[in-house]
Amino acid sequence: MKTKKPTFDTLYINVRIASMRAGGPDYGLIEDGVMGVTDGRLSFVGSRADYIETHGNAPMDAHAEGTVHDCGGKLALPGFIDCHTHLIFGGNRAREFEMRLSGKSYEEIARAGGGIMSTVTATREATQEDLVKTALPRLKAMTSMGVTTVEIKSGYGLTLDDELKMLRAAIQLESMTGITVLTTLLAAHAIPPEFKDNADGYIDYICAEILPAALKDDLIDAVDAFCENIAFSPEQVRRLFAFSKAEGLDLKLHAEQLSDQGGTELAAEFGALSADHLEYLSERGVEAMAGAGMTAVLLPGAFYTLKETKLPPISALRAAKVPMALATDFNPGSSPVQNIQLIANMGCLLFGLTPEEAIQGITLHAAKALGIDAAKGSLEVGKDADFCLFDAAHPAELIYWTGGIPPTDVIIQGKTLAL
């Protein structure tokens with residue numbers, strides 16, 4: 001006698017679902033919900049009544065349809081997406097934290113040879129194994145608060161070998177954990193000492209050496225740059241973006257963090273996925289983002305750590321219907337914050353987002369910032385079965401409790417991770 005093939009690999013029943021689907025009211029909440037998983041994707045998302053209507057009986061009676069998990073009324077949310085991190089680096093910058101508290105600015109520290117360059121030195125000295133060893137607990141800490149997808153940038157090597165070393169470490173982390181990792185080449189993060197006073201020459205080096213090697217070894221999903229008066233000019237970024245776009249790569253840009261360089265408008269011209277930071281974003285920049293369908297990635301951790309006072313133009317972005325994502329910007333200098341739920345709280349208390357906007361910012365809009373919203377960011381049929389279960393009655397509770405609520409379960413493509 002042949003065994004009937006299950007309709008689902010797994011069913012999750014008695015769950016309150018915050019689907020976060022686009023256009024859905026009130027977090028896309030579904031009471032007394034059911035989720036079906038087949039081959040790592042969501043094959044049913046709806047209420048118990050919807051399930052009975054389409055399948056003819058209640059989920060708890062469907063023993064022939066795979067494993068059934070009674071969630072006991074827990075809240076399900078899409079797995080959180082940290083769409084802007086500098087997770088891999090050597091050393092730390094606790095001493096510079098003290099300097100900032102004594103009154104030194106981010107720019108003063110950078111111009112004095114500190115800042116990014118101190119991390120570059122430590123990262124160059126580290127082996128790939130060293131970088132993986134130190135980054136692994138950071139990634140696990142992120143996952144313990146519900147992150148199932150993370151973007152990891154290079155940018156602390158600034159040589160061919162060291163940039164590739166960082167990217168390989170990021171990919172190794174994915175294979176070790178099962179967490180989805182997207183890699184971004186941020187070689188244009190700072191001007192290395194080998195190219196002092198020759199930023200144009202360094203851009204040439206990235207285009208001629210680093211980027212082709214990263215592409216050859218299939219190490220990158222996107223290219224990013226730091227467009228700022230202490231880093232690279234719009235003209236230099238334009239050259240890098242033109243080369244990268246010709247290679248078919250997605251683009252992102254650190255823009256308008258410390259001053260208005262017009263970087264966001266440049267990014268829009270090239271069809272970039274996102275512009276990130278944006279404290280000094282102009283009305284022209286907002287209009288350019290809206291016209292290009294870009295996502296604004298807001299980074300309140302850096303705003304908080306650097307004690308900034310210039311707020312990004314939230315009302316203008318909202319009025320222009322520019323999607324707003326939130327990310328940790330986790331890095332050793334300006335945002336040593338690993339907790340994505342704390343970032344969502346900061347997005348509300350520092351930037352004036354609503355709790356629903358904040359949750360959108362770490363789910364659907366974060367997925368859009370990485371160009372993966374067709375597969376991730378909301379709980380909808382056909383998307384990856386990436387979700388977390390929480391002992392909470394409503395999504396706003398994750399924002400209300402400073403530091404958030406750890407999930408009881410983290411599921412990535414239908415598989416439960418050990419926390």
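Values in this document were obtained by computation on a predicted structure and should not be read as measured data.

About the thresholds
- Residues numbered from 1 in each chain as written.
- Predicted model: local features only at pLDDT ≥ 70, side-chain atom pairs only at ≥ 80, totals over all residues.
- Heavy atoms only, no water.
- UniProt positions renumbered as here; feature names shortened; annotations may be inferred.
- Helix = DSSP H or I, 4+ residues; strand = E, 2+ residues; numbered from the N terminus.
- Contact = heavy atoms within 4.5 Å.
- Polar contact = N/O pair within 3.5 Å; in protein donor to acceptor, adjacent residues only side chain to side chain.
- Pairing = 2+ DSSP bridges.
- Axes fitted to C-alpha atoms, helices over the stretch in contact; angles between N-to-C directions.
- Buried < 20%, exposed > 50% of the residue type's maximum accessible area, 1.4 Å probe, protein only.
- Salt bridge = Lys/Arg side-chain N within 4 Å of Asp/Glu carboxyl O.
- Phe/Tyr/Trp six-rings, centres within 6.5 Å; stacked < 30°, edge-to-face > 60°.
- Lys NZ or Arg CZ within 6 Å of the ring centre and 35° of its normal.

Some points on the UniProt feature "binding site: Zn(2+)" (unreviewed entry) in the chain
Here comes step 1: UniProt records the feature "binding site: Zn(2+)" (unreviewed entry) at His 84, His 86, His 254 and Asp 329, using the numbering of this structure. A maximum C-alpha distance of 12.3 Å places the annotated residues, which cover 246 residues in sequence, within one compact spot.
Here comes step 2: Relative to the helices and strands, His 86 is located in the loop between β6 (80-82) and α2 (94-101).
Here comes step 3: As for its placement among the helices and strands, His 254 is situated in strand β10 (residues 250-255).
Here comes step 4: Among residues more than four places away in sequence, those in contact with His 254 are His 84, His 86, Lys 153, Leu 186, Asp 224, Ala 225, Phe 226, Cys 227, Asp 276 and His 277.
Here comes step 5: A distance of 3.0 Å separates polar atoms of two side chains, one belonging to His 254 and the other to Asp 224.

Some remarks on the sheet that holds strand β11 (residues 274-277)
Here comes step 1: Taken in spatial order, the eight strands line up as β6-β7-β8-β9-β10-β11-β12-β13 in an open sheet, and their pairing is parallel. In the strand order of this sheet, the two ends are held by β6 and β13 (324-326), each with one partner. When the angles between neighbouring strand axes are averaged without regard to direction, this sheet yields 25 degrees.
Here comes step 2: As defined by bridge partners, strand β12 (residues 295-298) adjoins β13 across three bridges and the pair is classed as parallel. Bridge pairing in β13 places Val 297 opposite Ala 325.
Here comes step 3: Strands β7 (147-153) and β8 (180-188) of the sheet are contacted by helix α6 (residues 160-177), whose axis makes an angle of about 170 degrees with β8.

A short note on the UniProt feature "binding site: Fe(3+)" (unreviewed entry) in the chain
Here comes step 1: Within this structure's numbering, the places UniProt gives as "binding site: Fe(3+)" (unreviewed entry) are His 84, His 86, His 254 and Asp 329.
Here comes step 2: One can find His 84 in the loop between β6 and α2.
Here comes step 3: According to the relative accessible area criterion, His 254 is buried, its value standing at 3%.

Some thoughts on unusual backbone geometry
Here comes step 1: A positive phi angle, close to 50 degrees, is found at Asp 26, a residue other than glycine.
Here comes step 2: Within the secondary structure layout, Asp 26 lies in the loop between β1 (10-18) and β2 (29-38).
Here comes step 3: With a phi angle near 55 degrees, Asp 39 is a residue other than glycine that sits in the positive phi range.
Here comes step 4: Within the fold, Asp 39 resides in the loop between β2 and β3 (41-47).

Thoughts on the pattern of salt bridges
Here comes step 1: If you walk through the whole model with that rule in mind, you get 17 salt bridges.
Here comes step 2: One salt bridge in this structure joins Asp 217 and Arg 168, with 2.7 Å as the shortest N-O distance. Taken together, the residues Asp 217 in the loop between α7 (199-216) and β9 (222-227) and Arg 168 in helix α6 connect sequence positions 49 residues apart.
Here comes step 3: Note on Asp 217: relative accessible area 33%, which makes it partly exposed.

Some remarks on the environment of Val 68
Here comes step 1: Note that Val 68 resides in strand β4 (residues 67-70).
Here comes step 2: Given a relative accessible area of 28%, Val 68 falls into the partly exposed group.
Here comes step 3: Counting along the chain gives 269 residues from Val 68 to Val 337, while the straight-line C-alpha distance between them is 37 Å.

Side note on the packing of aromatic side chains
Here comes step 1: Enumeration according to the criterion identifies 13 aromatic pairs in this entry.
Here comes step 2: Note on Phe 44 and Tyr 51: the rings are 5.4 Å apart at their centroids and 90 degrees apart in plane angle, and the pair reads as edge-to-face.
Here comes step 3: Exposure remark for Tyr 51: the relative accessible area of 0% places this residue in the buried category.
Here comes step 4: Ring centres 5.9 Å apart and planes at 80 degrees place the aromatic pair Phe 241 and Phe 270 in the edge-to-face group. Pair noted here: Phe 241 is in helix α8 (residues 234-246) and Phe 270 is in the loop between α9 (263-269) and β11, with a separation of 29 residues, a long-range link.
Here comes step 5: Assessed through its relative accessible area of 0%, Phe 241 is described here as buried.
Here comes step 6: Looking at Arg 138, its charged tip hangs above the ring of Phe 89, at a distance of 3.8 Å from the centre.

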